[in-house]
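Descriptive analysis of the structure
Single-letter residue listing:
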Amino acid sequence: TQLLEQSPQFLSIQEGENLTVYCNSSSVFSSLQWYRQEPGEGPVLLVTVVTGGEVKKLKRLTFQFGDARKDSSLHITAAQPGDTGLYLCAGLKTSGSRLTFGEGTQLTVNP
Amino acid sequence: GAGVSQSPSNKVTEKGKDVELRCDPISGHTALYWYRQRLGQGLEFLIYFQGNSAPDKSGLPSDRFSAERTGESVSTLTIQRTQQEDSAVYLCATGGGARQPQHFGDGTRLSIL
């Protein structure tokens, strides 16, 4: 059983389109992180959200943490080919020291 | 360098051989994690070291897997009697503390023939 469910698993869109990636769980997390991973490289941290309902923006990327701290979303506006990559969400339980990762969303933005 | 360094970057070996993967952490990072990532999938936790505390080995898939770390220095992940299902990318991440952001190396791509 996957603790963190990401959807969609694959997404292929045209440059300029908008998209949303979802990360859902039945568990409560003290914080949730989003990473982006490119082929042959390790994941790179994009953002950490810690407060229920929190919204963070990183240029064209908007991250939201659910009010109950069980889910999160990543919205990309006007996607560009450089946004292509594997997007991973990872949650940190209230008691615990290690992250639980979702299976990832493979995003391809076509020029 | 300033980042997490892993070696080798690629390793191809025959089934049944032992392999040793290395992770050089960012200086001063007390937390060190090993993950396994199968093709196109998320990260599977293997083991976690925090300073001189006993490691959390709860993610190791079998007794063929082991890892060592002395203090805040280099860590090695050893897989004995490798099997084809061990083929994956093995990622190391380090952090400033138990619940601090993790910084990843680029991984070791392990292929078992």
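Look up a bit, the structure's there.
Here the residue numbers are simple positions, counted from 1 along each chain's written sequence. For naming, the first written chain is A and the first written ligand is 1, with later ones following in the order written. It should be noted that, the model being predicted, local features are given only for residues of pLDDT at least 70 and side-chain atom pairs only at 80 or more, the latter also being counted only at that level, while totals for whole chains, interfaces and linings use all residues. The side-chain numbers reported here are obtained from all heavy atoms of the structure, hydrogens and water having been left aside.

On to the overall build of chain B. In this description a helix means any DSSP run of H or I spanning at least four residues, a strand means any run of E spanning at least two, and both kinds are numbered starting from the N terminus. Along its length, chain B carries zero helices and ten strands. In chain B, the order of α-helices and β-strands from amino to carboxyl end is β-β-β-β-β-β-β-β-β-β. Atoms considered for the radius of gyration are the C-alpha atoms alone. The globule rule reads 2.2 Å times the number of residues to the power 0.38. Taking 2.2 N^0.38 as the reference for a compact globule, 113 residues should give roughly 13 Å; the C-alpha atoms of chain B span a radius of gyration of 13 Å, in line with that estimate. Residue pairs in contact within chain B that sit at least 24 positions apart in sequence constitute 55% of those at least 6 positions apart. Just so you have it, chain B exposes about 5,400 Å², and 44% of that area is on carbon and sulfur atoms. For chain B, the centre of its 12 positive side-chain charges and the centre of its 12 negative side-chain charges are spaced 3 Å apart. The contact criterion used throughout is that any non-hydrogen atoms of two residues lie within 4.5 Å. Note on areas: Shrake-Rupley with a 1.4 Å probe; residue coverage comes only from the protein chains shown. A residue counts as positive if it is Lys or Arg and as negative if it is Asp or Glu; His and the chain ends are not included. By convention, the charge on Lys lies at NZ, on Arg at CZ, on Asp at CG and on Glu at CD.

Okay, the sheet that holds strand S3 (residues 19–24) of chain B next. Residue and element names in this part refer to chain B. Only when DSSP finds a minimum of two bridges between them are two strands counted as paired. An order of S1-S3-S7-S6 is seen for the four strands of this open sheet, with the pairing classed as antiparallel. The sheet terminates laterally at strand S1 (5–7) and strand S6 (65–69), the two strands that pair on one side only. Averaged over all pairs of adjacent strands, the angle between strand axes in this sheet comes to 15°, irrespective of strand direction. Every angle, taken between N-to-C directions, lies between 0 and 180 degrees, and every axis is a line fitted to C-alpha atoms, over only the stretch in contact when it is a helix.

Right, let's get into unusual backbone geometry. For the peptide bond that leads from Ser7 of chain A to Pro8 of chain A, omega is -10°, which places it in the cis range. Considering the arrangement of structural elements, one finds Pro8 of chain A in the loop between strand S1 (5–7) and strand S2 (10–14). In this chain, Ser7 of chain B is followed by Pro8 of chain B through a cis amide linkage whose omega measures -10°. Backbone geometry places Lys59 of chain A, a non-glycine residue, at a positive phi of 55°. Within the secondary structure, Lys59 of chain A sits in the loop between strand S6 (55–58) and strand S7 (61–65). The residue Ala78 of chain A is not glycine, and still its phi comes out positive at about 50°. With respect to the helices and strands, the residue Ala78 of chain A is situated in the loop between strand S8 (71–76) and strand S9 (85–92).

Residue and element names in this part refer to chain A. Throughout this description, buried means an accessible area under 20% of the type-specific maximum (1.4 Å probe, protein chains only), exposed means over 50%, and partly exposed covers the range between. Of the two faces of strand S3 (residues 19–24), the one holding Leu19, Val21 and Cys23 is buried and the one holding Thr20, Tyr22 and Asn24 is not buried anywhere. Relative to S3, S1 is paired through three bridges, and the arrangement is antiparallel. Bridge pairing in S3 links Gln6 to Cys23. Pairing analysis gives six bridges linking S3 to S8, with the strands arranged antiparallel. The residue bridging Cys23 from the neighbouring strand is Ser72, located in S8.

Turning next to the state of the cysteines. Cysteine sulfur atoms that come within 2.5 Å of each other are treated as a disulfide pair. A full pass over the atoms with the stated rule returns two disulfides over all chains. The residue that forms a disulfide with Cys23 of chain A is Cys89 of chain A, at a sulfur-sulfur distance of 2.0 Å. Since a negative S-S torsion denotes a left-handed disulfide, the Cys23 of chain A-Cys89 of chain A link at about 75° is right-handed. Of this pair, Cys23 of chain A sits in strand S3 while Cys89 of chain A is found in strand S9, placing the two residues 66 residues apart along the sequence. Owing to a relative accessible area of 0%, Cys23 of chain A belongs among the buried residues under this scheme. Cys89 of chain A gets classed as buried once you look at its relative accessible area, which sits at 0%. Disulfide pairing is shown between Cys23 of chain B and Cys92 of chain B; the S-S distance is 1.9 Å.

Put simply, a salt bridge is a Lys or Arg side-chain nitrogen that is within 4 Å of an Asp or Glu carboxyl oxygen. For the structure shown, the criterion picks out eight salt bridges over all chains. In this structure, the salt-bridge partner of Arg36 of chain A is Glu38 of chain A, at a minimum N-O distance of 2.6 Å. Classification of Arg36 of chain A as partly exposed rests on a relative accessible area of 21%. Salt-bridge contacts for Asp86 of chain B lead to Arg64 of chain B; the nearest nitrogen and oxygen are separated by 2.8 Å. Remark: Arg64 of chain B occurs in the loop between strand S5 (43–50) and S6 and Asp86 of chain B occurs in the loop between strand S7 (75–79) and strand S8 (88–95); sequence separation between them is 22 residues. The pair formed by Asp86 of chain B and Arg64 of chain B is uniform in burial state, with each residue classed as buried. In this structure, a network of salt bridges that share partners links the residues Arg36, Arg38 and Glu44 of chain B.

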